[in-house]
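# Structural overview for review
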Amino acid sequence: MLIEIAGSRVAPLCSTYFNVIGDEVDWGEITVLFAGSGQQWDGAAFFPQRSAGGGPLDNPNARLGLRKLEERLDDNHLVLNEGHFFDKWGRRMKIEEVEQ
């Protein structure tokens, strides 16, 4: 999920899913992938999921899971804290509630 960050406000921009095999991910390669979105983004959130058997989800289940996540995030941006949230330089971030 790509995120716009403007002061104390965050907003989801777009989302997709992809498979990661192994446990090493290069941030530079990820940002190249994100460049293909055409969005100007400030943060990215990842929500890893596995199939019941421990492998990658099939496409229908991945789409369904992503749609449910988008709905939850639209209702409450604190859902970002349930995943792995990073700024555009790859530094971990956390959303905190602020009074407006």
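To be clear, the structure that these remarks concern was listed above.
Here the structure is a predicted model, which is why all the values come from computation and not from measurement.

For the rest of this paragraph, the subject is a nonpolar patch on the surface. Residues F18, V20, V25 and L33 make up a contiguous nonpolar surface patch of roughly 340 Å² in combined accessible area. Looking at the element boundaries, V20 is found in the loop between β2 (9-14) and α1 (27-35).

Take the nonpolar core next. Proteins that are soluble and globular tend to have nonpolar side chains buried together. Formed by M1, I3, V10, A45, L66, L69, L73, V79, L80, F85 and I95, the largest nonpolar core amounts to 11 residues. Looking at this core element by element, the count peaks at three residues for helix α2 (residues 59-75). Not counting the four nearest positions on each side in its chain, I95 is found in contact with V10, H77, L78, L80, N81 and F85. I30, W41, A44 and F46 belong to the second-largest nonpolar core, a separate cluster that totals seven residues.

The rules behind the values
- Residues numbered from 1 in each chain as written.
- Predicted model: local features only at pLDDT ≥ 70, side-chain atom pairs only at ≥ 80, totals over all residues.
- Heavy atoms only, no water.
- Patch = residues over 30% accessible without salt bridge, like charges linked within 9 Å, V, L, I, M, F, W, Y side chains within 5 Å.
- Areas by Shrake-Rupley, 256 points an atom, 1.4 Å probe, with all protein chains shown as cover.
- Salt bridge = Lys/Arg side-chain N within 4 Å of Asp/Glu carboxyl O.
- Helix = DSSP H or I, 4+ residues; strand = E, 2+ residues; numbered from the N terminus.
- Core = buried A, V, L, I, M, F, W, Y, C linked by side-chain atoms within 4.5 Å.
- Buried < 20%, exposed > 50% of the residue type's maximum accessible area, 1.4 Å probe, protein only.
- Contact = heavy atoms within 4.5 Å.

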